[in-house]
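# Structural overview for review
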Amino acid sequence: MQADMQIEKKQFYGNRDLVSYVVPEAVTEIGEWAFARCRKLKWIAIPRGIGRIGREAFMECESLVVAHFYEGDLEENLKENLRENLKETGEALKAGADFHIGALSEKQRLAGGLMAL
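What this report covers is the structure whose coordinates are included nearby. (Residues numbered from 1 in each chain as written. Predicted model: local features only at pLDDT ≥ 70, side-chain atom pairs only at ≥ 80, totals over all residues. Heavy atoms only, no water.)

## What about the pairing of strand β4 (residues 43-47)?
The buried fraction of β4 amounts to five of the five residues, a majority that puts the element mostly inside the structure. Burial of the side chains of β4 extends over both faces: Trp43, Ala45 and Pro47 are buried on one face and Ile44 and Ile46 on the other. Alignment of β4 against strand β6 (residues 66-70), held across five bridges, turns out to be parallel. Each residue of the ladder has a partner; that of Pro47, found in β6, is Tyr70. (Buried < 20%, exposed > 50% of the residue type's maximum accessible area, 1.4 Å probe, protein only. Helix = DSSP H or I, 4+ residues; strand = E, 2+ residues; numbered from the N terminus. Pairing = 2+ DSSP bridges.)

Shown next as structure tokens:
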């Protein structure tokens, strides 16, 4: 079993390049101001098992429009959500247009990595 991890207080504070982020499933706590002032942050995936999100963790993240809470395999979870969203809008998922996060390395997937949308 993997030990609990946390995103430290102010770990990404003011990061000017952070656009999206996948919080690893092993993370149980996001510290205070962890992503504060990440003005370009638009999308974040957070595991459902998160125990605590610190005070003002996303303060002044004015570009943040999506917080996806996931459980289990993130890639499968996102694929299923995409399929459901497309069904609801009456569109069909075209063959070969499947959604993948394979562009991330294994290290990025386990440690949390940037993901271009």
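## Regarding unusual backbone geometry
The backbone of Lys10 shows a phi angle near 60 degrees, a positive value even though the residue is not glycine. Among the structural elements, Lys10 can be located in the loop between β1 (5-7) and β2 (20-22). Given a relative accessible area of 45%, Lys10 falls into the partly exposed group. Even without being a glycine, Trp33 presents a positive backbone phi close to 55 degrees. Examined against the element boundaries, Trp33 turns out to sit in the loop between β3 (27-30) and β4.

## Some details on the sheet that holds β4
Overall, parallel pairing links the three strands, which are arranged β2-β4-β6 in an open sheet. The open sheet has two free edges, formed respectively by β2 and β6, since each of these has just one partner strand. Averaged over all pairs of adjacent strands, the angle between their axes in this sheet comes to 20 degrees, without regard to strand direction. (Axes fitted to C-alpha atoms, helices over the stretch in contact; angles between N-to-C directions.)

## Topic: the pattern of salt bridges
Per the stated rule, a full pass over the model turns up six salt bridges. The partner of Glu60 in a salt bridge is Arg37, and the shortest N-O contact between them spans 3.1 Å. Here Glu60 is found in the loop between β5 (52-53) and β6, whereas its partner Arg37 is found in the loop between β3 and β4, with 23 residues between them in sequence. Judged by relative accessible area, Arg37 falls into the partly exposed class, the value being 36%. Residue Glu60 is joined to Arg39 by a salt bridge in which the shortest nitrogen-to-oxygen separation is 3.0 Å. Of this pair, Glu60 sits in the loop between β5 and β6 while Arg39 is found in the loop between β3 and β4, placing the two residues 21 residues apart along the sequence. Via salt bridges that share partners, Glu29, Glu32, Arg52 and Arg55 belong to a single interconnected network. (Salt bridge = Lys/Arg side-chain N within 4 Å of Asp/Glu carboxyl O.)

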